[in-house]
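# Geometric and topological summary
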Amino acid sequence: MNTTLASLIALQQIDKVIFEMRQKIERVPKAIAELDELLVESQEKAATLRASIDDQERTRRSKEAEIEKNTELMKKYQGQLLQVKTNKEYSALLAEINGLKSKNTLIEDDIIELMESIERAKKAVKQAQDELARNKARVEENTLKLREEQQAWQHELEQEEQTRAKQMEGIQSGVLR
């Protein structure tokens, strides 16, 4: 009876090791998925920043087109200055020209702010791309490491299962029921 009890205790220890190995093996895909999620987040961050730059560039081009339009309008009004007959018309055209000049000045200030913002965003994109490259390398390295550990644990699990089978042979079949 004493040897049977010792055999059962040894079998229990082997089962415990097998259970722990299976848990480790089962955690690997989840860990790899978490690493992949980190990579996806880095990619999305870089893409969002690039999209922001594109939006700001479109806005800048739109404002530049508006300045062009206002400049053409100012030229038209200046040409009309020579053709007006009354002081009232002349004053109205000068007011329009000055209003357009003021608008252009404000738009130019907006363009300068946009250009500065674009430069900051480009630096942020560069940092995000560097971070993405680091994360990609880290994810590949850790994934490889996890897969190697998984294979080692799988091999160890197979050995423990063989040990368990041998241990089972030494126990009477009626005891395990």
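Now for a description of the structure that goes with this document. Because the structure is a prediction, the values reported are computed rather than measured. Each chain carries its own residue numbering, running from 1 in the direction its sequence is written. In keeping with the model being predicted, local features are shown solely for residues with a pLDDT of at least 70 and side-chain atom pairs are shown and tallied solely at 80 or more, while totals for entire chains, interfaces and linings include all residues. Side-chain descriptors were evaluated using all non-hydrogen atoms of the structure, hydrogens and water having been removed beforehand.

We now examine the environment of Ile97. In this text, helices come from DSSP runs of H or I with a minimum length of four residues, and strands from runs of E with a minimum of two, each type numbered from the N-terminal end. When you line up the elements, Ile97 lands in helix α2 (residues 87-169). Classification of Ile97 by relative accessible area gives buried; the value is 2%. Considering only alpha carbons, one finds Ile97 and Thr71, 26 residues apart in sequence, at a separation of 9.1 Å. Here a residue-residue contact requires only that any non-hydrogen atoms of the pair lie within 4.5 Å. When near neighbours in sequence (up to four residues on either side) are disregarded, Ile97 contacts Met74, Tyr77, Gln78 and Leu81. Three exposure classes are used, based on accessible area relative to the maximum for each residue type with a 1.4 Å probe and protein chains only: buried under 20%, partly exposed in between, and exposed over 50%.

To continue, consider the nonpolar core. For this analysis, a nonpolar core means a set of buried residues of the types Ala, Val, Leu, Ile, Met, Phe, Trp, Tyr and Cys, connected via side-chain atoms within 4.5 Å. With 13 residues, the main nonpolar core has Val28, Leu146, Trp153 and Leu157 as its most contacted residues. Counting only elements with at least two residues in this core, the list comes to α1 (2-81) and α2. In contact with Leu157, not counting residues within four places along its chain, are Ile18, Met21, Arg22 and Ile25. Counting residues in hydrophobic clusters, the runner-up holds six residues, among them Met74, Tyr77, Ile97 and Leu100.

Further remarks concern the side chain of Asn70. Mapped onto the fold, Asn70 is located in helix α1. Overall, Asn70 belongs to the buried group, its relative accessible area being 3%. Each residue touching Asn70, except ones within four places of it in the same chain, is listed here: Leu100, Lys103, Asn104 and Ile107.

This paragraph deals with α1. The length a helix should cover is 1.5 Å for every residue beyond the first. With 80 residues, α1 ought to run about 118 Å at 1.5 Å a step, and its terminal C-alpha atoms sit 118 Å apart, in line with that. Along α1, the helix axis deviates most sharply at Val28, where the bend reaches about 25°; the proline Pro29 sits within four residues downstream. Note on bend: at a given residue it equals the angle between the axes fitted to the 7 residues ending there and to the 7 starting there.

Looking now at the pattern of salt bridges. The rule for a salt bridge is simple: a side-chain nitrogen of Lys or Arg has to be within 4 Å of a carboxyl oxygen of Asp or Glu. Counted by the stated rule, this structure contains nine salt bridges. Residue Arg58 pairs with Asp55 through a salt bridge whose shortest N-O separation is 2.3 Å. Of the two residues, Arg58 and Asp55 both sit in helix α1, three residues apart, roughly one turn of that helix. Classification of Arg58 as partly exposed rests on a relative accessible area of 45%. With a closest N to O distance of 2.8 Å, Glu64 and Arg60 form a salt bridge. Note that Glu64 and Arg60 are positioned in helix α1 at a spacing of four residues, about one turn of the helix. Linked through salt bridges whose partners overlap, the residues forming this network are Glu57, Arg60 and Glu64.

These values are about where atoms sit, not about what they do.
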